[in-house]
Amino acid sequence: MTTIDPSRWLRAFATLIDEHTEELTALDAAIGDADHGSNMQRGAAAVVAALDDDPQPTPGAVLKQAGMVLIRSVGGASGPLYGTFFLRSAAAAGTGELDGPAFAAAFRAGLDGVVARGKAESGDKTMFDALAPAATALDAELAAGAALPEALDAALVAATAGRDATIPLIARKGRASYLGERSVGHQDPGATSATLLVRAAREALR
């Protein structure tokens, strides 16, 4: 398969969130409100319900629906950030199939939306630290002629490394930033769920 079906991507993401809810909750309990897992689980389930109840005709429409559902259903910062990611991705995706270049453009647009919404930068200990390396790896692999599966493999490796690199960082955004140096030694829950988003894209191709 050389294209991403956004419905498969979103369903795979919901499955992974469901499998990792306890992990996300535990990570957020250490440096946040202990609700990232439950919030993401609720939002992902709502997205799947929307896919079932009101199927959309184009990739852009599917991603737009997901973004709007997440903004409505997920509390804290995660709803607006993930919602913005998918709304910006939707605008870039439009009506055509999501082949490698189209998916990379949609993913990059989503990342840009997260930056615009959250003002995060590399090293802030946020979801950006996983999404940005994934986008860079995806773009680089496709530019070098890699097929979409291989490009997504590289994106997942980069996202995972970015996620793990949040452990020694001092949080500079969100509730975790209130802890200052006490946030050191903890993996960021947002970067963890963002890595699952990249993994879901790879699994959607299987």
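Scroll up a little and you will see the structure.
Just so it is clear, the structure is predicted and the values come from calculations on it, not from any experiment.

Caption draft 1: Examining the overall build of the protein chain more closely. Helix and strand counts for the protein chain stand at 9 helices and 2 strands. For the protein chain, the α and β elements follow one another from N to C terminus as β-α-α-α-α-α-β-α-α-α-α. Taken over C-alpha atoms, the radius of gyration comes to 16 Å for the protein chain, in line with the 17 Å a tight globule of 206 residues would show. Considering only C-alpha atoms, the protein chain reaches an extent of 45 × 40 × 30 Å along its principal axes. For the protein chain, with 206 residues in total, the buried portion stands at 51%. Across the protein chain, the fraction of contacts at a sequence separation of at least 24, relative to all contacts at a separation of at least 6, is 69%. As displayed, the protein chain offers around 8700 Å² of accessible surface, 54% of which is attributable to carbon and sulfur atoms. Side chains of the protein chain carry 18 positive and 25 negative charges; the gap between the two charge centres is 5 Å.

Caption draft 2: Examining the nonpolar core more closely. Trp9 and Phe86 are the most contacted members of the largest nonpolar core, which totals 58 residues. Elements with a minimum of two residues in this core: α1 (6–19), α3 (36–53), α4 (59–73), α5 (78–93), α6 (100–118), α7 (128–143), α8 (148–164) and α9 (189–203). If we ignore the near neighbours within four places in the chain, the residues touching tryptophan 9 are Ile4, Leu63, Phe85, Phe86, Phe103, Leu197, Ala200, Ala201 and Ala204.

Caption draft 3: Local environment of the pattern of salt bridges. All told, the structure shown has 5 salt bridges when counted by the stated rule. A salt bridge links arginine 108 to aspartate 139, with the nearest nitrogen and oxygen atoms 2.8 Å apart. Here the residue arginine 108 occupies a position in helix α6, and aspartate 139 occupies one in helix α7, the gap between them amounting to 31 residues. For arginine 108, a relative accessible area of 27% translates into the label partly exposed.

Caption draft 4: A look at the packing of aromatic side chains. The full count for this structure, using the stated rule, is 7 aromatic pairs. Pairing tryptophan 9 with phenylalanine 103 gives two aromatic rings, centres 5.1 Å apart and planes at 75°, and the pair type is edge-to-face. Of this pair, tryptophan 9 sits in helix α1 while phenylalanine 103 sits in helix α6, and the two are 94 residues apart along the sequence. Both residues of the pair, tryptophan 9 and phenylalanine 103, belong to the buried class. For the pair phenylalanine 85 and phenylalanine 86, a centre-to-centre distance of 5.2 Å together with 90° between the ring planes defines the contact as edge-to-face. Under the relative-accessibility criterion, phenylalanine 85 is labelled buried at 0%. Look at phenylalanine 86 and you get buried, because its relative accessible area is 0%. Ring pairs connect the aromatic residues Trp9, Phe85, Phe86, Phe103 and Phe107, which therefore count as one cluster.

Caption draft 5: Examining α7 more closely. Taking 1.5 Å as the rise per residue, α7 with 16 residues should run 22 Å; its terminal C-alpha atoms sit 22 Å apart, in good agreement. Those residues of α7 not exposed but buried are Phe128, Asp129, Ala130, Leu131, Ala132, Ala134, Ala135, Ala137 and Leu138. If you follow the buried residues of α7, they end up packed against α5, α6, α8 and α9. The first or second residue beyond α7 is glycine 145, which carries a positive phi of 100°.

Caption draft 6: Quick peek at the environment of histidine 186. Turning to its location among the elements, histidine 186 is positioned in the loop between α8 and α9. Exposure remark for histidine 186: the relative accessible area of 28% places this residue in the partly exposed category. Expressed as a C-alpha distance, the spacing of histidine 186 and alanine 30, which sit 156 residues apart in the sequence, is 7.1 Å. When residues no more than four places from it in sequence are discounted, the contact partners of histidine 186 are Ala30, Ile31, Lys125, Thr166 and Ile167.

Caption draft 7: Layout of the packing of α6 against α7. Following both chains from N to C, one finds α6 and α7 inclined at 155°, their axes separated by 10 Å at the closest point. In terms of orientation, α6 lies roughly antiparallel with respect to α7. Every pair of crossing elements has a handedness; the one defined by α6 and α7 is left-handed. Between α6 and α7, the residues in contact are Gly100, Pro101, Phe103, Ala104, Phe107, Arg108, Leu111, Val114 and Val115 and Phe128, Leu131, Ala132, Ala134, Ala135, Thr136, Leu138, Asp139 and Leu142, respectively.

The rules behind each value
Residues numbered from 1 in each chain as written. Predicted model: local features only at pLDDT ≥ 70, side-chain atom pairs only at ≥ 80, totals over all residues. Heavy atoms only, no water. Helix = DSSP H or I, 4+ residues; strand = E, 2+ residues; numbered from the N terminus. Rg over C-alpha atoms; globule rule 2.2 N^0.38 Å. Buried < 20%, exposed > 50% of the residue type's maximum accessible area, 1.4 Å probe, protein only. Contact = heavy atoms within 4.5 Å. Areas by Shrake-Rupley, 256 points an atom, 1.4 Å probe, with all protein chains shown as cover. Lys, Arg positive; Asp, Glu negative; His and termini not counted. Charge placed at Lys NZ, Arg CZ, Asp CG, Glu CD. Core = buried A, V, L, I, M, F, W, Y, C linked by side-chain atoms within 4.5 Å. Salt bridge = Lys/Arg side-chain N within 4 Å of Asp/Glu carboxyl O. Phe/Tyr/Trp six-rings, centres within 6.5 Å; stacked < 30°, edge-to-face > 60°. Expected span 1.5 Å × (residues − 1). Axes fitted to C-alpha atoms, helices over the stretch in contact; angles between N-to-C directions. Parallel < 35°, antiparallel > 145°, perpendicular 65-115°, else oblique. Left-handed = near helix turned anticlockwise from the far one by under 90°.

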